[in-house]
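# Fold and geometry: a report
Letter by letter, the chains look like this.
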Amino acid sequence: TLGHVNWNSKSTKTSFSSTTSFHTWNVAGLRQRLEDNSWWTYLDRHKPDVVVCPETRCDIFTLLDACSNFREKMHAQGYAHISMSWCLTRTGPWNYGVLMASKVTPRDVHFGDLALANEGRCIRLCFDDFDVVGVYAPCSSMNSACVESRRQQWDDSLLKLLVNLETDQRNVLLMGDMNVALTSADCDIRSLRLATTGESCKLDLPEHLFSSCKPWE
């Protein structure tokens, strides 16, 4: 069963500008990011207009237990809209889940557009000129030699959604965690090298961001 919530507050921003920023961050557990304050540090530093947060691993009750005034604090940051989805059939810290926040209120919100809808892996925000699809793709099993049926089902439904939106002449921005790693750089971002020059890239990122990089995906 899918759990979801929509929060709307009065917005001071009615449209996006040419400098609008879209961010996605797999938090690997939103409660922890709230408790160590890294969520608020991230928003203060980067100030994204739209943020997609996959793998929240919590339901609304866990979220509010970690930060009872979450909605008010987000509104103080300028976020007029918050959508959140989670899986009701999983217990413990593995509720999958996606959270999306926007400084412009969307005209419509869709939950469960894709296969495995009850796992809370997809939210779509519909604005006047485009849609933002936020996803948390199913993870493949370790050392799997082939694409698993549930992952193939999810991929097929994602492609169908995007094709349908294109047919409807909708501009689409797909964001989130696709749970794929094609190169060694994806598995250990600290060793990332520029493809064109071979020079090393030094990334000033918190250590906990590397904890969910799995080389078999």
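Because the structure is predicted, anything quoted here is derived from the model rather than measured.

### With respect to the pattern of salt bridges
Using the criterion set out here, one finds 10 salt bridges in the structure. With a shortest N-O distance of 2.5 Å, R150 and E119 are connected by a salt bridge. Within this pair, whereas R150 is found in helix α5 (residues 149–167), its partner E119 is found in the loop between β6 (108–111) and β7 (122–126), the two being separated by 31 residues in sequence. Among the residues examined, R150 registers a relative accessible area of 28% and is labelled partly exposed. The closest approach of N and O atoms between R151 and D155, which form a salt bridge, is 2.8 Å. In this pair, R151 and D155 both sit in helix α5, 4 residues apart, roughly one turn of the helix. Judged by its relative accessible area of 6%, R151 is buried. Exposure remark for D155: the relative accessible area of 27% places this residue in the partly exposed category. Through salt bridges with shared partners, a single network forms among D113, R124, D131 and R170.

### Regarding the packing of aromatic side chains
Under the defined criterion, the tally for this structure stands at 10 aromatic pairs. Taking the centre distance of 6.0 Å and the plane angle of 45° together, the rings of F16 and F22 count as tilted. Look at W25 and Y42: their rings are 4.8 Å apart centre to centre, the planes differ by 50°, and that puts the pair in the tilted class. Note that W25 is positioned in the loop between β2 (22–24) and α1 (30–35) and Y42 in helix α2 (residues 38–46), a separation of 17 residues in sequence. For the pair shown, W25 and Y42 are each scored as buried. Each residue in the set F16, F22, F127 and F130 is aromatic and connected to the rest through ring pairs, giving one cluster. Against the face of Y96 rests R121, its NZ or CZ located 4.2 Å from the ring centre. Across from the ring centre of Y136, 4.9 Å away, lies the NZ or CZ of R121, which sits over that ring.

### Describing the sheet that holds strand β5 (residues 98–102)
Taken in spatial order, the 5 strands of this open sheet run β1-β4-β5-β3-β2, and their pairing is mixed. On the outer flanks of this sheet lie β1 (2–8) and β2, each paired with one strand and no other. Sheet twist, expressed as the average angle between the axes of neighbouring strands with direction ignored, equals 10°. Where strand β4 (residues 81–87) lies against β5, 5 bridges are found, and the strand directions are antiparallel. Residue pairing for β5: S85 is matched across the bridge by V98. Its contacts with the sheet put α2 on β2, β3 (50–54) and β5, and the angle it makes with β3 is roughly 150°.

### Focus: the sheet that holds strand β9 (residues 171–177)
Across the sheet, 4 strands lie side by side as β6-β7-β8-β9; this open sheet has mixed pairing. The strands lining the two open edges of the sheet, one partner per strand, are β6 and β9. In this sheet, neighbouring strand axes are inclined to one another by 15° on average, regardless of whether the strands run parallel or antiparallel. Looking at chain direction, β7 and strand β8 (residues 130–136) are connected through 5 bridges and run antiparallel. What sits directly across from C126, in β8, is D131. Of the strands in this sheet, β7, β8 and β9 are in contact with α5, which crosses β8 at around 175°.

Conventions we followed
- Residues numbered from 1 in each chain as written.
- Predicted model: local features only at pLDDT ≥ 70, side-chain atom pairs only at ≥ 80, totals over all residues.
- Heavy atoms only, no water.
- Salt bridge = Lys/Arg side-chain N within 4 Å of Asp/Glu carboxyl O.
- Helix = DSSP H or I, 4+ residues; strand = E, 2+ residues; numbered from the N terminus.
- Buried < 20%, exposed > 50% of the residue type's maximum accessible area, 1.4 Å probe, protein only.
- Phe/Tyr/Trp six-rings, centres within 6.5 Å; stacked < 30°, edge-to-face > 60°.
- Lys NZ or Arg CZ within 6 Å of the ring centre and 35° of its normal.
- Pairing = 2+ DSSP bridges.
- Axes fitted to C-alpha atoms, helices over the stretch in contact; angles between N-to-C directions.
- Contact = heavy atoms within 4.5 Å.

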